[in-house]
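The primary structure of each chain is shown beneath.
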Amino acid sequence: MKYVEILITNILPSKTSFGQTGSGEQIFIPSAVAAEHDLEVGTFVNAMLVVNTMNPQKTPWLCIKILKDEHIASDKGGDKSALADFIVRELTENGRATPEELAEIAGEPVEVILANLEDLKAARIIAPAICWDIVEK
């Protein structure tokens, strides 16, 4: 699963839509996902993608969520507050997450996520939580 900016390339009357990544990979956007937004061909949106297991030959990615008018960027030259907003939104919507999980979803290095988590902790927006798990043998 990953978040990427995509280009909307086609919209059918049923609202089923298609897009592509910056590297040209095709994306299937189900009508249930697309209908929640006023998509237009030629516009860019941020989307959560998963591997498309139904028809990977034509559209290797399946869009499961669109984040219209939101931009995910790190402090590698982008807007650091947008990444912090993304982290807060992810934790609010999906509950606990590890820095590694957040880094994978955002497509950012773990170090960048950790710095943002520390800033959010210092601002008393988030708090760390210790979770326990069974050791796999």
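Here the structure is a predicted model, which is why all the values come from computation and not from measurement.

Peer 1: Describe the nonpolar core, and please don't skip the residues or the numbers.
Peer 2: Within the largest apolar cluster, 16 residues are counted, with the highest numbers of intra-cluster contacts made by Y3, L83, F86, I87, I113 and L117. Breaking this core down by element, the ones donating at least two residues are α2 (80-94), α3 (99-106) and α4 (110-122).

Peer 1: Could you give me a rundown of α4, with the residues and numbers involved?
Peer 2: For α4, which comprises 13 residues, the first-to-last C-alpha distance of 18 Å matches the rise-based estimate of 18 Å (1.5 Å per residue) to within 8%. Regarding α4, the residues found buried are V112, I113, N116, L117 and L120. Taken end-on, α4 shows its buried residues confined to a sector of 135°, consistent with a single buried face. Facing away from the buried side of α4, by more than 90 degrees, are the exposed residues E111 and A122. In the segment just after α4, R124 is the residue with positive phi, at about 60°.

Peer 1: Describe α3, listing the residues and the values that go with them.
Peer 2: Those residues of α3 that sit buried are L102, A103, I105 and A106. Summarising the axial view, the buried residues of α3 lie within an arc of 165°, below the 170-degree limit, and thus occupy one face. Positive phi shows up at G107, right after α3, with a value of about 70°.

Conventions adopted
Residues numbered from 1 in each chain as written. Predicted model: local features only at pLDDT ≥ 70, side-chain atom pairs only at ≥ 80, totals over all residues. Heavy atoms only, no water. Core = buried A, V, L, I, M, F, W, Y, C linked by side-chain atoms within 4.5 Å. Buried < 20%, exposed > 50% of the residue type's maximum accessible area, 1.4 Å probe, protein only. Helix = DSSP H or I, 4+ residues; strand = E, 2+ residues; numbered from the N terminus. Expected span 1.5 Å × (residues − 1). Arc of directions from axis to C-beta.

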